[in-house]
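Spelled out, the chains give:
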Amino acid sequence: MDNIIVVNNSILLNSLTKLRDKNLKSSQFRKEVSNIAKILLFEALRNEETEMRRIQTPFVESDFPSLNEDEYVLVPILRAGLPMMEGCLEILEDAKVGFLAIKRDETTLESKVYYERLPHLEEKTVIILDPMVATAGSITKAIGIIESHNPKKIISLNIVVSKVGAEKLSKFKNVKFYVGSAGEDLNDKGYIVPGIGDAGDRCFNT
Ligand code: PRP
Ligand code: URA
């Protein structure tokens, strides 16, 4: 499972503990999801290649390292990926954004893609944003669609991944997953336990 990196960060753990509290208000829930997304993004892009950019500082003109931000495409999985997108856009302000809307059928647990709007992904680094990987059905669909557009690289940021989900993700050798927690159980309704509940509902107070 060396493509799954559990990010060991106390601020992330503190935010994740807040998310687990069923009394956390939606506004706070979105804020913590956004904070965790930023921490996962920092880790995922820690060693990215930078290029030198000419800058006029207050005192001198010189070259400094910078990221080509618009080579990154954020792909939030609707709905619960949206607050992750907000957080990541605070860091990568010029990233492009594509959307995939995927919904699990609550009885069969089968995931269906109901909206897709992606920019050109060739030569881009795609960053998938979805807080939850339970059966991994939804993210498997997302990766399949994204791979068919031949991106340069795929990274996925996920907050909670179940044990079953982690086993499925380990098969995507060409995708690196940066996650807050991996190895939690799935109950008979397909929810992660302890987990954080239904992330979409909790984000949007439904
Ligand atoms: C949630 C979550 C993931 C998916 C994970 O979305 O945001 O996309 O479930 O479950 P899986 O790994 O078993 O596919 P949901 O289908 O509830 O849609 P929502 O965000 O609109 O509520
Ligand atoms: N989707 C969620 O939002 N939560 C879970 O626990 C499982 C799937």
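Attention here is on the structure that accompanies the text. This is a predicted model, so every value here is computed, not measured.

1. With respect to the packing of aromatic side chains
We describe a pair of aromatic rings using the distance from one ring centre to the other and the angle between the two ring planes. Here the structure, examined in full by the defined rule, presents zero aromatic pairs. Sitting above the plane of the Tyr191 ring, Arg104 keeps its charged end 5.5 Å from the centroid.

2. Observations concerning the site of ligand 1
By nearness alone, 17 residues border ligand 1, and Arg104, Asp130, Ala134, Thr135 and Ser138 come closest of all. Arg104 is positioned such that a nitrogen or oxygen atom in its side chain is 2.8 Å from an oxygen atom of ligand 1. In this structure, Thr135 approaches ligand 1 through a side-chain N or O atom, which is 2.5 Å from an oxygen atom. Here ligand 1 loses 96% of its free accessible area of 510 Å² to cover by the protein chains. When atoms are counted within 2 Å of each cavity's grid points, the one that captures over half of ligand 1 is the largest pocket. Where the shell around ligand 1 is concerned, the elements lending two or more residues are β6 (99-104), β9 (132-133) and α4 (137-147). The element contributing the most residues to the shell around ligand 1 is β6, with three residues. Classifying every residue of the shell around ligand 1 gives seven nonpolar, five polar and five charged.

The rules we used
Residues numbered from 1 in each chain as written. Chains lettered and ligands numbered in written order. Predicted model: local features only at pLDDT ≥ 70, side-chain atom pairs only at ≥ 80, totals over all residues. Heavy atoms only, no water. Phe/Tyr/Trp six-rings, centres within 6.5 Å; stacked < 30°, edge-to-face > 60°. Lys NZ or Arg CZ within 6 Å of the ring centre and 35° of its normal. Near = heavy atom within 4 Å. Polar contact = N/O pair within 3.5 Å; in protein donor to acceptor, adjacent residues only side chain to side chain. Areas by Shrake-Rupley, 256 points an atom, 1.4 Å probe, with all protein chains shown as cover. 1 Å grid on protein atoms, 1.4 Å probe; cavity = no way out; pocket = protein on both sides within 12 Å on 5 of 7 lines; lining within 4 Å. Sits in = over half its atoms within 2 Å of the grid points. Helix = DSSP H or I, 4+ residues; strand = E, 2+ residues; numbered from the N terminus. Nonpolar A, V, L, I, M, F, W, Y, C, P; charged D, E, K, R; others polar.

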